[in-house]
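Take a look at the letters that make up each chain.
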Amino acid sequence: MFKILVVDDDQAVNHSVCLFLDKAGYDAVGSLDADDALNQLYGSSFDLVISDIMMPKIDGFELASMIRRENTEIPILFMTARDDFSSKQQGFRAGIDDYMVKPVDLNELVLRIEALLRRAKIASSRKLTVGQLTLDADEHTAYLNQEEISLTVREFDLLFKLLSYPKKTFTRNQLMDEFWDNETDAGSRTVDVYMTRIRTKLAECHDFEIITVHGLGYKAVIR
């Protein structure tokens, strides 16, 4: 059974979401603030986090950033009344995977959860197949139509990351932090150069597309 942490300071909303998720077959645990949520995360293993943005002391943006520093894989979904682009932008830059605006259709919430958990399962695999493209993370090899495509280690890692989370947007800064470590001479536009190289090398692959998300970064969309 998948275990989900629901973080919302509105006790009625928290309770109703947890109750619905429990009936949908999940093990939902509620937290009314970020401090308690962090304690829950440190004390137990969760498969997904649902969080509000507007909370006392530590808001959802900071909570997402704190979670991401400790765990780069767990899916995070924002469920909030804030419907402005800047909040969505800030959320995705903090490392969230999905964003829903209140009032939320709980049946749709379950569909989003299923999709996020499915992507997370794909990401944990060491092999990835998308159409005629096969990536092997252990060997760092890529085959298209059974012919090997020459990719550098960094090109491979970027591609594997995007395809592991289809439709999820990764900001340039997120990708820089993960794949360039502390290289001071590399700017965020370096990511653009690598994306151009990957697109060129996989021009004959029509099973997915790497899309530039204006103002944010990149995502892979499987056709």
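Residues numbered from 1 in each chain as written. Predicted model: local features only at pLDDT ≥ 70, side-chain atom pairs only at ≥ 80, totals over all residues. Heavy atoms only, no water.

**Q** What am I meant to see in the nonpolar core here?
**A** General note: in soluble globular proteins, nonpolar side chains tend to be found buried as a group. Residues L133, L135, L159, L163, M195 and F208 are the most contacted members of the largest nonpolar core, which totals 31 residues. Mapped by element, the contributors of at least two residues to this core are β6 (127-130), β7 (133-136), β8 (141-144), α6 (153-164), α7 (172-179), α8 (190-201), β11 (208-213) and β12 (217-222). When residues in this core are grouped by element, the largest group, six residues, is from α6. Formed by 23 residues, the second largest nonpolar core is a distinct cluster that contains V7, I53, I74 and Y99. (Core = buried A, V, L, I, M, F, W, Y, C linked by side-chain atoms within 4.5 Å. Buried < 20%, exposed > 50% of the residue type's maximum accessible area, 1.4 Å probe, protein only. Helix = DSSP H or I, 4+ residues; strand = E, 2+ residues; numbered from the N terminus.)

**Q** Would you explain the sheet that holds strand β2 (residues 27-31) in this entry?
**A** Neighbouring strands of a sheet are bound in pairs by backbone hydrogen bonds; such pairs are parallel or else antiparallel. In spatial order, the strands read β2-β1-β3-β4-β5; together these five strands make up an open sheet with parallel pairing. Of all strands in the sheet, those bounded by a partner on one side alone are β2 and β5 (98-101). Shown here is a sheet whose adjacent strand axes are inclined to one another by a mean of 20°, direction ignored. Contacting β1 (3-7), β2, β3 (48-51) and β4 (76-80), helix α1 (residues 11-23) crosses the sheet at an angle of about 170° to β2. In the packing of helix α3 (residues 60-70) onto the sheet, contacts are made with β1, β3 and β4, and the angle to β4 comes to roughly 175°. (Pairing = 2+ DSSP bridges. Axes fitted to C-alpha atoms, helices over the stretch in contact; angles between N-to-C directions. Contact = heavy atoms within 4.5 Å.)

**Q** How do you make sense of unusual backbone geometry when you look at a structure like this?
**A** Most peptide bonds take the trans configuration, and most residues that are not glycine carry a negative phi. Cis geometry marks the peptide bond from K102 to P103, where omega comes out at -5°. Relative to the assigned elements, P103 resides in the loop between β5 and α5 (106-124). Of note, the phi angle at K57 is positive, near 65°, even though the residue is not glycine. One can find K57 in the loop between β3 and α3. Under the relative-accessibility criterion, K57 is labelled exposed at 81%. Even without glycine at this site, Q146 takes up a positive phi of about 70°. Counting through the fold element by element, Q146 comes out in the loop between β8 and β9 (147-149). Residue Q146 is classed as exposed on the basis of its relative accessible area, which comes to 77%.

**Q** Please explain the environment of T134 as it appears in this structure.
**A** Within the fold, T134 resides in strand β7. Between the C-alpha atoms of T134 and Q146, which are 12 residues apart in sequence, the distance is 8.3 Å. In this structure T134 touches L128, T129, T141, A142 and Y143, once residues within four positions along its chain are discounted.

**Q** I'm lost on the sheet that holds β9 in this one. Help?
**A** What the four strands build is an open sheet, ordered β6-β7-β8-β9; its pairing is antiparallel. In this open sheet, the two strands that pair with only one neighbour each are β6 and β9. Strand-to-strand twist in this sheet, taken as the mean axis angle between neighbours without regard to direction, amounts to 25°. As judged from the four bridges shared by β7 and β8, these two strands associate in the antiparallel manner. In the sheet register, L133 faces β8, and the bridge partner there is L144. Across the sheet, α6 lies against β6, β7 and β8, angled at about 115° from β7, the strand it touches most.

**Q** Where do I start with the packing of aromatic side chains in this structure?
**A** Each aromatic ring pair is summarised here by two numbers: the centre-to-centre distance and the angle between the ring planes. Enumeration over the complete set of coordinates arrives at five aromatic pairs. Consider the rings of F78 and Y99, whose centres lie 6.3 Å apart with planes at 65°: the pair is edge-to-face. In this pair, F78 is assigned in strand β4 and Y99 in strand β5, connecting sequence segments 21 residues apart. The buried category is assigned to Y99, whose relative accessible area is 9%. (Phe/Tyr/Trp six-rings, centres within 6.5 Å; stacked < 30°, edge-to-face > 60°.)

**Q** How do you make sense of the layout of surface pockets when you look at a structure like this?
**A** By rolling a water-sized probe across the atoms, one finds the places where empty space is left. Roughly 510 Å³ of internal volume is contained in the largest pocket. Taken together, 21 residues make up the lining of the largest pocket; nearest its centre are R93, T171, N173, Q174 and D177. Among the secondary structure elements, those contributing two or more residues to the lining of the largest pocket are α3, α4 (85-94), β10 (170-171) and α7. Split into classes, the residues belonging to the lining of the largest pocket amount to four nonpolar, eight polar and nine charged. (1 Å grid on protein atoms, 1.4 Å probe; cavity = no way out; pocket = protein on both sides within 12 Å on 5 of 7 lines; lining within 4 Å. Points joined across faces, edges and corners; volume = space filled by probe spheres on them. Nonpolar A, V, L, I, M, F, W, Y, C, P; charged D, E, K, R; others polar.)

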